[in-house]
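# Survey of secondary and tertiary structure
Here are the chains, one letter per residue:
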Amino acid sequence: MKYILVTGGVISGIGKGIIASSVGTILKSCGLHVTAIKIDPYINIDAGTFSPYEHGEVFVLDDGGEVDLDLGNYERFLDIRLTKDNNLTTGKIYQSVINKERRGDYLGKTVQVVPHITDAIQEWVMRQAKVPVDDDDVEPQVCVIELGGTVGDIESMPFIEAFRQFQFKVKRENFCNIHVSMVPQPSATGEQKTKPTQNSVRELRGLGLSPDLVMCRCSTPLDNSVKEKISMFCHVEPEQVICVHDVSSIYRVPLLLEDQGVVGYFCRRLNLPIETRPRKMLAKWKEMSDRSDRLLEQCSIALVGKYTKFSDSYASVIKALEHSALAISHKLEVKYIDSADLEAGMLQEDPVKYHEAWQKLYLCCLVNGILVPGGFGVRGTEGKIQAISWARKQKKPFLGSLSLKCIKTECSAAAVNVTHANSTEFDPETKYPVVIDMPEHNPGQMGGTMRLGKRRTIFKTKNSILRKLYGDVDYVEERHRHRFEVNPELKQHFEEKGFHFVGQDVEGERMEVIELLDHPYFVGVQYHPEFTSRPIKPSPPYLGLLLAAAGGLPAYLQKGCRLSPRETYSDRSGSSSPDSEIADFKLCSLAQE
């Protein structure tokens, strides 16, 4: 097993996750099996109870793990399936060690950070690195480990010490350290400054880790003189200083690293068994990046949500939209609308903000679509219901998650003729509960009590748009994260008014997918399809939204509707470019016009 540790300095949020994902991508393109581990030094057991404003979205895995959003990057870049143990936190480590102490596993010894906590970290990493993450169930050969935060943070010290010991345990030829730092360029002088990177590397070396590669985040490419200066003061060769400057798309980052000889360095440093065959996977990434830069037609989507002030709150949603937009050769424009600004109360509190929010919605929906992603709590819910009502009445393409709560609450007025219908989450005493809490939900404890992870949804009808978008399959398996469900007693009332529950769970008790007849595209799902979207295999519900927004859904359905315009993008598939299929889609659209 080869281990590549990615650390960061100067500031957090510098791009370690994208760089770690890109390193994994270029190694996978060489025929290696790659896995990834994210270490978060916070004391929380997992990310499940975080506000999206804290660390961005909560990403959900197949096994129900609620983890850091960087694991979403790993899955999207590497096209792998991770588990909850691929996200290691201080809370998990301490919980594990304390449980052992309570059982008496330490035989009366004094339990300390060194060696017990540091040993537990090393054992966790070595154990999890061997877990297969590819469909072929082959044990990984390389494990990329991202250590969250910045070097010097007090909470990350046990992890730094653990890896200081780890490098000797697994031997030098099996361990490599990448340090991601920042090279600022003040506008006053325009000069690239190396001092932050020097200080960061000096601190890392003082803690016992010496970086093999120094990856410098900067706005423009590094000058050779700057590279040489970093090389001199950071104890590395000039070729070990890698420039990761701003690029047009994150999909260009693996290509950027490849161009600077990173694969060759890993091959020499870690004795990797790299194949010499042409790297189809990277060639397709380059093709995808080039196509992304050439896009001219634009498609605007209004994202109506509670956490729009921080784009990472909807990281997977935005990526899923980007994947689908690229598949239909459109440039994506996302208009963020705070759902609270659409509510009647905002008209009294701040009329300007209220009218600006509605104007955004009107302008966007003249030609495009509306997306209402998931969320919890009462705040902003009325605004989401108003947006859904607008999309339904104006026949504008719409996709919603929000555990179907807002969709069903809004639709109930038309379907059941009840104006005060509500969810028991928003109003526990409501007389007309169209959405109710699930029996297994425990309101007394927040963490890990939802319906989580991959679940099967059975399509109950052949005449479903979403079923056709999925490739006319009998069932799909998608990831869930919700505490509430539609009241099954009202199912018949909904369907009599044109709202069809086309997908249900295996037992037939929970409603999973709702579609509205006589509408271009009105789809609500109980699950979160964005978590399984890939750059080269977009999520079918999101693809349907973008196709409908671009006016091409009828033509695409007439073609027979495969899973997506591009069947796969795996380096093992040998599949050809999807451009021909996309060209067919465009020709069909033109023929209809």
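Residues numbered from 1 in each chain as written. Predicted model: local features only at pLDDT ≥ 70, side-chain atom pairs only at ≥ 80, totals over all residues. Heavy atoms only, no water.

### What to know about the overall build of the protein
So the rule is basically this: Every helix listed is a DSSP run of H or I at least four residues long, and every strand listed is a run of E at least two residues long, numbered separately from the N terminus. Relative accessible area decides the class of each residue, using a 1.4 Å probe on protein chains only: under 20% of the type maximum gives buried, over 50% gives exposed, and in between gives partly exposed. Residues count as neighbours in contact if any of their non-hydrogen atoms are within 4.5 Å of one another. What sets the accessible areas is the Shrake-Rupley method with a 1.4 Å probe; for residues, cover comes only from the shown protein chains.
If you tally the helices and strands in the protein, you get 21 helices and 21 strands. Classification of the 593 residues of the protein by burial places 57% in the buried group. In the protein, of all internal contacts separated by at least 6 residues, the share reaching a separation of at least 24 is 73%. When the accessible surface of the protein is summed, it comes to about 24300 Å², and 50% of that surface belongs to carbon and sulfur atoms.

### So, the nonpolar core
Stated precisely, the cut-off is as follows: In these notes, a set of buried Ala, Val, Leu, Ile, Met, Phe, Trp, Tyr and Cys residues joined through side-chain atoms within 4.5 Å is what counts as a nonpolar core.
The biggest cluster of nonpolar side chains holds 53 residues, and the ones touching the most others in it are Ile-4, Val-23, Leu-27, Ile-178, Met-215, Leu-257 and Phe-266. Looking at this core, the element that brings in the most residues is helix α1 (residues 16–28), giving six residues. Counting residues in each nonpolar core, the second largest holds 35 residues, with Cys-299, Val-513, Tyr-542 and Leu-543 among its members.

### Let's talk about empty space enclosed by the protein
Note the threshold: Grid spacing is 1 Å over the protein atoms alone, the probe is 1.4 Å, and a cavity is where that probe fits but cannot get out, while a pocket is an open set with protein on both sides within 12 Å along at least five of seven lines and lining residues have an atom within 4 Å of a point. Grid points are joined across faces, edges and corners, and a volume is the space filled by probe spheres set on the points. Residue polarity is assigned by list, with Asp, Glu, Lys and Arg as charged and Ala, Val, Leu, Ile, Met, Phe, Trp, Tyr, Cys and Pro as nonpolar; anything else, Gly included, falls into the polar class.
In total, this model carries two cavities of 30 Å³ or more according to the counting rule given. Surrounding the largest cavity, Leu-371, Val-372, Pro-373, Leu-399, Gly-400, Ser-401, Val-525, Pro-529, Glu-530 and Tyr-542 form its lining. Secondary-structure elements contributing two or more residues to the lining of the largest cavity are β12 (369–372) and β13 (398–400). The residue makeup of the lining of the largest cavity, split by class, is seven nonpolar, two polar and one charged. In this structure, the second largest cavity occupies an estimated 30 Å³ of space. Together, Asn-73, Arg-76, Phe-77, Ile-250, Tyr-251, Lys-319, His-323 and Pro-535 line the second largest cavity. Counting only elements with at least two residues in the lining of the second largest cavity, the list comes to α3 (70–78) and α12 (315–327). The biggest single contributor to the lining of the second largest cavity is α3, with three residues.

### Overview of the layout of surface pockets
The volume enclosed by the largest pocket comes to roughly 840 Å³. Surrounding the largest pocket, 31 residues form its lining, Gly-13, His-55, Leu-69, Asp-70 and Asp-312 being those nearest its centre. Of all the secondary-structure elements, those providing two or more residues to the lining of the largest pocket are α1, β2 (34–40), α2 (52–55), α3 and α12. Residues of the lining of the largest pocket, tallied by class, amount to 10 nonpolar, 10 polar and 11 charged.

### Let's talk about the sheet that holds β12
Rules: Think of it this way: DSSP has to see at least two bridges between two strands before they count as a pair. The angle between two axes is taken between their N-to-C directions and runs from 0 to 180 degrees, where each axis is a line fitted to C-alpha atoms and a helix contributes only its stretch in contact.
As summarised here, the arrangement of the nine strands in space is β11-β10-β12-β13-β21-β20-β19-β16-β17, forming an open sheet in which the pairing is mixed. Of all strands in the sheet, those bounded by a partner on one side alone are β11 (331–338) and β17 (475–482). When strand polarity is set aside, the average angle formed by the axes of neighbouring strands in this sheet is 25°. Strand direction decides the pairing type here: strand β16 (residues 451–459) and β17, joined by eight bridges, are antiparallel. Each bridged residue has a counterpart across the sheet, and for Leu-452 the counterpart in β17 is Arg-481.

### Examining the pattern of salt bridges
Going by this rule: Any Lys or Arg side-chain nitrogen found within 4 Å of a carboxyl oxygen on Asp or Glu counts as a salt bridge.
The full count for this structure, using the stated rule, is 29 salt bridges. Of the charged contacts, one joins Arg-81 and Asp-62 as a salt bridge, the two residues approaching to 3.1 Å between their closest N and O atoms. Placement of Arg-81 in the loop between α3 and β5 (87–89) and of Asp-62 in the loop between β3 (59–60) and β4 (66–67) is noted, with a sequence separation of 19 residues between them. Of the residues examined, Arg-81 reaches a relative accessible area of 34% and is grouped as partly exposed. Since its relative accessible area comes to 18%, Asp-62 is described here as buried. A salt bridge links Arg-479 to Asp-62; the nearest nitrogen and oxygen atoms lie 2.7 Å apart. Remark: Asp-62 occurs in the loop between β3 and β4 and Arg-479 occurs in strand β17; sequence separation between them is 417 residues.

### Concerning the pairing of β2
Each regular strand shows side chains that alternate between the opposite faces of the sheet. The element β2 is extensively covered by neighbouring structure, given that seven of its seven residues are classed as buried. Here β2 shows a buried face lined by Val-34, Ala-36, Lys-38 and Asp-40 and a second buried face lined by Thr-35, Ile-37 and Ile-39. Examined bridge by bridge, β2 and strand β6 (residues 142–147) share six bridges and lie parallel to one another. Bridging across to β6, Ile-39 finds its partner in Leu-147.

### So, the packing of helix α4 (residues 90–103) against helix α5 (residues 113–129)
To be explicit about the condition: Each angle gets one of four labels, with under 35 degrees taken as roughly parallel, over 145 as roughly antiparallel, 65 to 115 as roughly perpendicular, and the rest as oblique. Definitions for this section: a left-handed crossing has its near helix turned counterclockwise from the far helix by less than a right angle. A right-handed crossing has that turn clockwise.
Contact geometry for α4 and α5: axes closest at 10 Å, N-to-C directions at 115°. With respect to their mutual orientation, α4 and α5 come out roughly perpendicular. Seen from above, α4 lies across α5 with right-handed handedness. Along the contact surface, α4 presents Lys-92, Ile-93, Tyr-94, Val-97 and Lys-100, while α5 presents Val-113, His-116, Ile-117, Ala-120, Ile-121, Glu-123 and Trp-124.

### Digging into the confidence of the model for the protein
Keep this limit in mind: For every residue, the predictor reports its confidence as pLDDT, a number between 0 and 100.
In this model, the protein carries an average pLDDT of 83, and 82% of its residues clear a pLDDT of 70 or more. When the criterion is pLDDT under 50, residues 421–426 qualifies, and its contacts beyond four places in sequence or with other chains add up to 31 contacts. In the model, residues 563–593 has pLDDT below 50 throughout and makes 73 contacts with residues more than four positions away in sequence or in other chains.

### Considering unusual backbone geometry
When glycine is set aside, most residues are seen to have a negative phi, and most peptide bonds are trans. The omega torsion across Val-114 and Pro-115 is 15°, close enough to zero to call that bond cis. Despite not being glycine, Asp-137 has its phi angle at roughly 60°, a positive value. Examined against the element boundaries, Asp-137 turns out to sit in the loop between α5 and β6. For Ser-329, which is not glycine, the phi torsion reads 60° and is therefore positive. Relative to the helices and strands, Ser-329 resides in the loop between α12 and β11.

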